[in-house]
Amino acid sequence: EKTGEASPPPPPVPRVAVVVFLLKGRSVLLGRRLSSVGHSTFALPGGHLEFGESFEECAAREVKEETGLVIGKVEFLTVINNVMMLKEQKKCHYVTIFMRAVMDEDSKEVAMNLEPDKCDGWDWYEWEQLPHPLFGPLHNMVNQGFNPFPI
Ligand code: 8DG
Ligand code: MG
Ligand code: MG
């Protein structure tokens, strides 16, 4: 073991994120981000895939951690390769997996803001009246006509 030599920072690598279209009637659950990436834009619940996890497990875990909601059947929808420019020429690169979970339309369960340092709060938004600005990757999908509803 060499000592006294600072090792250079590891080269950046793409990361895998799993995010969830949580649907209820014709509405979707969105929260305004407080994280530096996409600050103050409306985004889906979700986060980083952990080692050994399935997409479905990650989706259920992140939704539970961020909102307290327990989701049932989770389905894969699509995947995007998302490279974003941050400040000072830094890039952020996510392979983002989009999942869907449908809530009972008459469910009385309330989405809690369990990570108030990362999100301003959760709310249901009608698909035809989405808030803005949407988080970049989500904005692009919606603009290209992507629709997460099963019917
Ligand atoms: P974790 O520590 O809980 O694992 O992570 P997190 O703090 O919840 O991560 P996140 O930023 O919410 O999600 C990880 C990345 O996923 C985010 O930096 C960029 C990518 N991502 C998209 N679209 C969306 C989206 O609509 N919502 C969220 N939350 N992340 C998204 O590409
Ligand atoms: Mg999270
Ligand atoms: Mg998150």
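A brief look at the structure comes next. (Residues numbered from 1 in each chain as written. Chains lettered and ligands numbered in written order. Predicted model: local features only at pLDDT ≥ 70, side-chain atom pairs only at ≥ 80, totals over all residues. Heavy atoms only, no water.)

### Examining the overall build of the protein chain
Rules: The helix and strand labels rest on DSSP assignments: H or I over at least four residues marks a helix, E over at least two residues marks a strand, and numbering proceeds from the N terminus. When accessible area is computed with a 1.4 Å probe and restricted to protein chains, residues below 20% of their type maximum are described as buried, those above 50% as exposed, and intermediate ones as partly exposed. In this analysis, two residues are considered to be in contact whenever any of their non-hydrogen atoms come within 4.5 Å of each other. Areas reported here follow the Shrake-Rupley algorithm with a probe of radius 1.4 Å; residue values treat only the protein chains shown as occluding. None of His or the chain ends enter the tally, which takes Lys and Arg as positive and Asp and Glu as negative. Positions of charges follow a simple convention, taking NZ of Lys, CZ of Arg, CG of Asp or CD of Glu.
Each helix and strand counted, the protein chain has two helices and seven strands in total. Its helices and strands taken in sequence order, the protein chain reads β-β-β-β-α-β-β-β-α from the N to the C terminus. Across its three principal directions, the C-alpha atoms of the protein chain cover 65 × 30 × 30 Å. Residues counted as buried form 39% of the 151 residues belonging to the protein chain. If you take every contact in the protein chain between residues at least 6 apart in sequence, the share linking residues at least 24 apart comes to 68%. Accessible surface for the protein chain amounts to roughly 9,500 Å². Of this, 54% is attributable to carbon and sulfur atoms. Averaged over its 15 positive side-chain charges, the protein chain has a centre that lies 5 Å from the centre of its 21 negative ones.

### Points about the side chain of Arg 100
Test applied: N or O atoms within 3.5 Å of each other form a polar contact, as long as, within protein, one can give a hydrogen and the other can take it, and as long as residues adjacent in sequence are counted only when both atoms are side-chain atoms.
Within the element layout of this structure, Arg 100 appears in strand S6 (residues 91–102). On the basis of relative accessible area, Arg 100 is assigned to the buried category, the value being 10%. In terms of polar contacts, Arg 100 uses its side chain to reach the backbone carbonyl oxygen of Pro 148, at 2.8 Å. Look past the residues within four positions of Arg 100 in its chain and what remains in contact with it is Phe 21, Leu 23, Lys 73, Val 74, Glu 75, Leu 77, Pro 148, Phe 149 and Pro 150.

### Details of the coordination of the magnesium ion (ligand 2)
Spelled out, the test is: Donor selection uses N, O and S atoms within 2.8 Å of the metal (3.2 Å for Na, K and Ca). Since no water is included, sites may look incomplete.
Binding of the magnesium ion (ligand 2) to the protein goes through Glu 62 (OE) and Glu 66 (OE), at separations of 2.1 to 2.3 Å. Between the magnesium ion (ligand 2) and the magnesium ion (ligand 3), the interatomic distance is 3.4 Å, and Glu 66 donates to each metal, bridging them. Placement of both Glu 62 and Glu 66 in helix H1 (residues 55–67) is noted, with a separation of four residues, approximately one turn of the helix. You'll find Glu 62 and Glu 66 in the same group, each marked buried.

### Describing the pairing of strand S5 (residues 74–85)
Convention followed: By the convention used here, strands pair only if DSSP detects at least 2 bridges between them.
Pairing analysis gives eleven bridges linking S5 to S6, with the strands arranged antiparallel. Opposite Met 85, over in S6, you have Lys 91 as the bridge partner. The antiparallel pairing of S5 with S6 creates a hairpin that spans five residues between the two strands, and Glu 88 there sits at a positive phi of about 55°.

### Looking at the site of ligand 1
Our working rule: Proximity is defined per residue: if any heavy atom of the residue lies within 4 Å of a molecule or strand, that residue is considered near it. Gly counts as polar in this scheme, as do all residues outside two lists: the nonpolar Ala, Val, Leu, Ile, Met, Phe, Trp, Tyr, Cys and Pro, and the charged Asp, Glu, Lys and Arg.
Lining the immediate environment of ligand 1, one finds 16 residues, of which Arg 33, Leu 44, His 48, Glu 66 and Lys 118 sit closest. Contact distances for ligand 1 include 2.8 Å between an oxygen atom and a side-chain N or O atom of Glu 66. Within the side chain of Lys 118, a nitrogen or oxygen atom sits 2.8 Å from an oxygen atom of ligand 1. The set of elements that each furnish at least two residues to the shell around ligand 1 consists of strand S1 (15–24), strand S4 (46–48), H1 and S6. The element that contributes the greatest number of residues to the shell around ligand 1 is S4, accounting for three residues. Considering only residue class, the shell around ligand 1 consists of seven nonpolar, five polar and four charged.

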